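# Close look at the chain arrangement
Below are the chains, spelled out letter by letter.
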Amino acid sequence: MKKSFITTVLLFVLGNIMLSPQASAYSYGDPSEEKIAEAYKEIMIKLDEDPPNYSESKKIYETVQEEVDQHMGKEPSKVILQNLDNKEKREAIENLDELLVLNIARRLESIDKNFSEYDTSKRLLAKGFATYKTLAPKVEGENPELDQKIRTEFDQALESLGNPGLFGVGTKESDQDAFKESKTFIVDSLQKEFDIKSLEVGHFSESATEDASGKQEWTDISNLKNWLPIIIIVGVLAAAIVYAVRKRK
């Protein structure tokens, strides 16, 4: 009876360990904070003050200017900073909106060019979605149906990444053509919604690992080495249980 109970407990523990990563494989998880989107939120608060606080808005923008310049060229920063210097609130907001759309397009383009890099692509998609959520209230206010459709396309884009699984378990084939369709709909819809003439400002990064310095490798469930600590723990736990059972005999 005791042996049967111990075996049941062990199976329960193993099941939870194995299923937890798989269960989260299709969630956006922690987007690791999209800095440009966070700066946008803070700037909107400052510009909403009476009178608008342009000096603080400029200081906030400068915290992300290097990233913007590196990945999207210097033109966006030049225009936005000029808007803030000239106290052009409406123009500054419009250009900041465009900046977020550019950032979403950049993330999706990076994924498309390095589609096989599952863990990184999933993380970049999360960043793209986090950026969209910042713009979503404006989209929803004008076109609730479009907002819902864009959210659905982000979900479909996530599904299209597939899942490398582990030891052949939970494997799901990726579909880059499906991803391209979702990417095109999202980018084209946002370009039209925010009346952006072109998304060719600056350049897109050529590698989906562009910010790999902030990547935490232990989050890659497809990498065997990230399972070693769990395997060791399970092995020790199993050995302890076997030893306890034999000692009771």
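Located above this text is the structure these notes cover.
So, a few notes on the structure that sits alongside this text.

### Notes on unusual backbone geometry
D50 connects to P51 through a cis peptide bond whose omega is 0°. Structurally, P51 can be placed in the loop between α2 (35-47) and α3 (54-62). The phi dihedral of K87 falls on the positive side, at around 55°, and the residue is not glycine. Counting through the fold element by element, K87 comes out in the loop between α5 (75-85) and α6 (89-113). One non-glycine residue, D195, lies in positive phi territory at about 50°. Within the fold, D195 resides in the loop between α9 (176-193) and α10 (228-248).

### Things to note about empty space enclosed by the protein
Inspection of the entire model under this criterion finds one cavity of 30 Å³ or more. In this structure, the largest cavity occupies an estimated 30 Å³ of space. Surrounding the largest cavity, I36, A39, Y40, I43, Y61, V64, L96 and L99 form its lining. Broken down by secondary-structure element, the contributors of at least two residues to the lining of the largest cavity are α2 and α6. When residues of the lining of the largest cavity are assigned to their parent elements, the largest contribution, four residues, is made by α2. Residues of the lining of the largest cavity, tallied by class, amount to eight nonpolar, no polar and no charged.

### Considerations on the packing of helix α8 (residues 144-160) against α9
Running from N to C, α8 and α9 point in directions that differ by 155°, and their axes come no closer than 8 Å. The orientation of α8 with respect to α9, classified from their angle, is roughly antiparallel. In this structure, α8 crosses over α9, and the sense of that crossing is left-handed. Counting all contacts with α8, which are made through L146, K149, I150, E153, F154, Q156, A157 and S160, the residues of α9 involved are A178, F179, S182, F185, I186, S189, L190 and E193. By residue class, the composition of the contact of α8 with α9 is nine nonpolar, four polar and three charged.

### Here we look at the pattern of salt bridges
Tallied over the full model, the rule gives 17 salt bridges. Between E109 and K113 there is a salt bridge, with its nearest N and O atoms 3.8 Å apart. Of this pair, E109 and K113 both sit in helix α6, separated by four residues, roughly a single helical turn. By relative accessible area, which is 19% here, E109 ends up buried. Look at K113 and you get partly exposed, because its relative accessible area is 37%. The residue K183 makes a salt bridge to E109 at a minimum N-O spacing of 3.2 Å. Linking K183 in helix α9 with E109 in helix α6, this pair joins segments that are 74 residues apart in sequence. In terms of burial, K183 and E109 fall into one category: buried. Each of E109, D112, K113, K180 and K183 takes part in a single network of salt bridges with overlapping partners.

### Some words on α6
Over its 25 residues, α6 extends 36 Å from the first C-alpha to the last, a length consistent with the 36 Å expected when each residue adds 1.5 Å. Burial analysis of α6 places 18 of its 25 residues in the buried class, which makes it a mostly covered element.

### Digging into α5
Burial in α5 covers these residues: P76, S77, I80, L81, N83 and L84. Projected down its long axis, α5 carries its buried residues within an arc of 155°, all on one side. Buried-residue contacts for α5 involve α2, α3, α4 (65-72) and α6. Once α5 finishes, K87 follows within two positions and takes phi at roughly 55°, a positive value.

### Thoughts on the packing of α5 against α6
At a closest axis distance of 9 Å, the pairing of α5 and α6 adopts a crossing angle of 155°. With respect to each other, α5 and α6 are oriented roughly antiparallel. Here α5 and α6 pass one another in a crossing that is left-handed. Residues P76, V79, I80, N83 and L84 of α5 touch α6, and the partners they reach there are E91, A92, N95, L96, L99 and L102. Across the contact of α5 with α6, the residue classes break down as eight nonpolar, two polar and one charged.

Definitions and limits used
Residues numbered from 1 in each chain as written. Predicted model: local features only at pLDDT ≥ 70, side-chain atom pairs only at ≥ 80, totals over all residues. Heavy atoms only, no water. Helix = DSSP H or I, 4+ residues; strand = E, 2+ residues; numbered from the N terminus. 1 Å grid on protein atoms, 1.4 Å probe; cavity = no way out; pocket = protein on both sides within 12 Å on 5 of 7 lines; lining within 4 Å. Points joined across faces, edges and corners; volume = space filled by probe spheres on them. Nonpolar A, V, L, I, M, F, W, Y, C, P; charged D, E, K, R; others polar. Axes fitted to C-alpha atoms, helices over the stretch in contact; angles between N-to-C directions. Parallel < 35°, antiparallel > 145°, perpendicular 65-115°, else oblique. Left-handed = near helix turned anticlockwise from the far one by under 90°. Contact = heavy atoms within 4.5 Å. Salt bridge = Lys/Arg side-chain N within 4 Å of Asp/Glu carboxyl O. Buried < 20%, exposed > 50% of the residue type's maximum accessible area, 1.4 Å probe, protein only. Expected span 1.5 Å × (residues − 1). Arc of directions from axis to C-beta.

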